[in-house]
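Residue-level structural notes
As a plain string of letters, each chain reads:
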Amino acid sequence: RKEVEQDPGPFNVPEGATVAFNCTYSNSASQSFFWYRQDCRKEPKLLMSVYSSGNEDGRFTAQLNRASQYISLLIRDSKLSDSATYLCVVNDPWDYKLSFGAGTTVTVRA
Amino acid sequence: EAQVTQNPRYLITVTGKKLTVTCSQNMNHEYMSWYRQDPGLGLRQIYYSMNVEVTDKGDVPEGYKVSRKEKRNFPLILESPSPNQTSLYFCASSPEVPMNTEAFFGQGTRLTVV
């Protein structure tokens with residue numbers, strides 16, 4: 001079983017729409033959670049950390065559900081520039097590493 | 001400018017010809033790591049280093065070597081590359097073990113082994 005699983009998509013949405021997707025993680029001991037953004041096989045960049053109480057950063061909202069071991073990302077008022085692959089990332093506290101999902105691709109069309 | 005620099009960005013090589021991919025960071029970060037990214041699999045950690053002269057295997061270390069003689073540099077060595085090592089490689093650094101801190105990635109090295 002993969003440590004972090006994501007729906008690969010693609011999610012094709014019109015500009016201005018809301019899009020949301022989840023990822024699930026297998027290690028209940030994981031403590032830190034992140035969403036990274038990756039454009040067209042370029043380097044991943046941190047989009048936002050995910051906190052237990054949920055958090056927002058502009059049009060982006062992240063939620064964490066520890067009981068069900070999933071993380072979600074919601075993008076409101078989608079822009080063309082939001083087209084990217086979104087990587088769910090979870091830390092493994094015992095192996096000193098980050099575990100990456102394979103990514104969810106979002107395409108925003110005009 | 002704070003950055004992680006990898007070289008080369010693109011490399012085509014033949015099976016068995018030793019190669020080194022360099023990685024350098026200018027942020028004085030303790031933790032550095034190498035990942036490979038393959039379609040449908042996400043990033044998988046190859047090796048990591050907690051500090052100078054401290055390295056350890058990640059999830060897919062077979063066929064790779066690393067060294068950390070200086071804090072800023074963390075080269076990835078393929079002693080005898082094989083076609084299954086064709087992949088997109090990323091080097092990353094963090095101020096500390098990436099529990100709660102951002103990982104900064106290099107721009108990637110696209111390696112093809114024929």
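This write-up is about the structure you can find in this document. No experiment lies behind these values; they were computed from the predicted model shown. (Residues numbered from 1 in each chain as written. Chains lettered and ligands numbered in written order. Predicted model: local features only at pLDDT ≥ 70, side-chain atom pairs only at ≥ 80, totals over all residues. Heavy atoms only, no water.)

1. Quick notes on the environment of Ser 93 of chain B
Residue and element names in this part refer to chain B. Short version of the rule: Secondary structure is summarised from DSSP: a helix means a run of H or I of at least four residues, a strand means a run of E of at least two, and numbering begins at the N terminus for each. Burial classes follow relative accessibility: with a 1.4 Å probe on protein chains only, a residue under 20% of its type's maximum area counts as buried, one over 50% as exposed, and anything between as partly exposed. Whether two residues are in contact is decided by their heavy atoms, any of which lying within 4.5 Å being enough. Distance and chemistry together define a polar contact, namely a pair of N or O atoms within 3.5 Å, with one atom able to donate a hydrogen and the other to accept it when in protein, and with adjacent residues in sequence counting only for side-chain atoms on both sides.
Position of Ser 93 relative to the elements: it lies in strand β9 (residues 87-94). Using a relative accessible area of 0% as the deciding quantity, one classes Ser 93 as buried. The contact partners of Ser 93, leaving out residues within four places of it in the chain, are Val 4, Gln 25, Met 27, His 29, Tyr 31, Met 32, Glu 102, Ala 103 and Phe 104. There is a polar contact of 2.7 Å between the side chain of Ser 93 and the side chain of His 29.

2. Considerations on the interface of chain B and chain A
Stated formally: Once two parts are brought into contact, the accessible area they lose, counted with a 1.4 Å probe and summed over both, makes up the buried area. When a carboxyl oxygen of Asp or Glu lies within 4 Å of a side-chain nitrogen of Lys or Arg, that pair is called a salt bridge.
The partner chain A presents 21 residues to the 25 residues of chain B that form the contact. Taking both sides of the interface into account, the surface hidden between chain B and chain A amounts to around 1900 Å²; carbon and sulfur atoms contribute 54%. On inspection of chain B and its partner chain A, the count reaches 1 salt bridge. Between Asp 59 of chain B and Lys 97 of chain A there is a salt bridge whose closest N-O contact spans 2.6 Å.

3. Remarks on the sheet that holds strand β1 (residues 4-7) of chain B
Backbone hydrogen bonds are what pair the strands of a sheet, in a parallel or an antiparallel way. Residues and elements named next belong to chain B. We count it as follows: For two strands to pair, DSSP has to find at least two bridges joining them.
If you trace the 4 strands from one edge of the open sheet to the other, you get β1-β3-β8-β7, paired in antiparallel fashion. The open sheet terminates on both sides in strands that have one partner only, identified here as β1 and β7 (65-66). Summarising the sheet, β1 and strand β3 (residues 19-25) pair through 4 bridges and their orientation is antiparallel. When the sheet's bridge partners are listed, Thr 5 is paired in β3 with Ser 24.

4. A look at the sheet that holds strand β3 (residues 19-25) of chain A
Residues and elements named next belong to chain A. Put simply, the rule reads: Note on method: axes are straight lines fitted to C-alpha atoms, helices fitted across the in-contact stretch only, with angles between N-to-C directions ranging 0 to 180 degrees.
Taken in spatial order, the 5 strands of this open sheet run β1-β3-β8-β7-β6, and their pairing is antiparallel. The sheet terminates laterally at β1 (4-6) and β6 (55-57), the two strands that pair on one side only. Each strand of the sheet is rotated relative to its neighbour by a mean of 20°, with strand direction disregarded. In terms of strand pairing, β3 meets strand β8 (residues 70-75) through 6 bridges, oriented antiparallel. The residue of β8 that forms the bridge with Phe 21 is Leu 73.

5. Concerning the state of the cysteines
In a disulfide, the sulfur atoms of two cysteines are held together by a covalent bond. What counts is decided by this rule: By definition, disulfides here are pairs of cysteine sulfur atoms that lie within 2.5 Å.
One pass over the structure, following the stated rule, counts 2 disulfides over all chains. Disulfide pairing places Cys 23 of chain A opposite Cys 88 of chain A at an S-S distance of 1.8 Å. Taken together, the positions of Cys 23 of chain A in strand β3 and Cys 88 of chain A in strand β9 (residues 84-92) put the pair 65 residues apart, joining distant regions of the chain. By the burial criterion, Cys 23 of chain A is buried, and Cys 88 of chain A matches it. Here Cys 23 of chain B pairs with Cys 91 of chain B through a disulfide, and the sulfurs are 1.8 Å apart.

6. Details of empty space enclosed by the protein
All names here are of chain A. Formally: Lining residues are defined by having an atom within 4 Å of a point belonging to a cavity or pocket. Those points lie on a 1 Å grid over the protein atoms alone, cavities being sets where a 1.4 Å probe fits but cannot get out and pockets being open sets with protein on both sides within 12 Å along at least five of seven lines. Grid points are joined across faces, edges and corners, and a volume is the space filled by probe spheres set on the points. Residues are grouped as follows: Ala, Val, Leu, Ile, Met, Phe, Trp, Tyr, Cys and Pro are nonpolar; Asp, Glu, Lys and Arg are charged; every other residue, Gly included, is polar.
Going through the model one piece at a time under the given rule, you end up with 1 cavity of 30 Å³ or more. Approximately 40 Å³ is the volume found for the largest cavity. Lining the largest cavity are Glu 3, Val 4, Tyr 25, Ser 26, Asn 27, Ser 30, Val 90, Asn 91, Asp 92 and Ser 99. When residues in the lining of the largest cavity are grouped by element, the largest group, 3 residues, is from β9. Among the residues forming the lining of the largest cavity, the class breakdown is 3 nonpolar, 5 polar and 2 charged.

7. Let's talk about the packing of aromatic side chains
Within a pair of aromatic rings, the relevant descriptors are the distance that separates the centres and the angle that separates the planes. Using the following cut-off: Between 30 and 60 degrees the pair is tilted, below 30 it is stacked and above 60 it is edge-to-face, where a pair is any two Phe, Tyr or Trp rings, Trp via its six-membered ring, whose centres lie within 6.5 Å.
This structure, assessed with the given rule, holds 13 aromatic pairs over all chains. Residues Phe 100 of chain A and Tyr 35 of chain B carry aromatic rings whose centres are separated by 5.3 Å and whose planes lie at 75° to one another, so their mutual orientation is edge-to-face. Within this pair, whereas Phe 100 of chain A is found in strand β10 (residues 97-100), its partner Tyr 35 of chain B is found in strand β4 (residues 31-38), the two belonging to separate chains. Per residue, the accessibility class of Phe 100 of chain A equals that of Tyr 35 of chain B, and both read buried. Consider the rings of Tyr 31 of chain B and Tyr 48 of chain B, whose centres lie 5.8 Å apart with planes at 20°: the pair is stacked. In this pair, Tyr 31 of chain B is assigned in strand β4 and Tyr 48 of chain B in strand β5 (residues 42-51), connecting sequence segments 17 residues apart. One aromatic cluster in this structure is built from Phe 34, Tyr 36 and Phe 100 of chain A together with Tyr 35, Phe 90 and Phe 105 of chain B.

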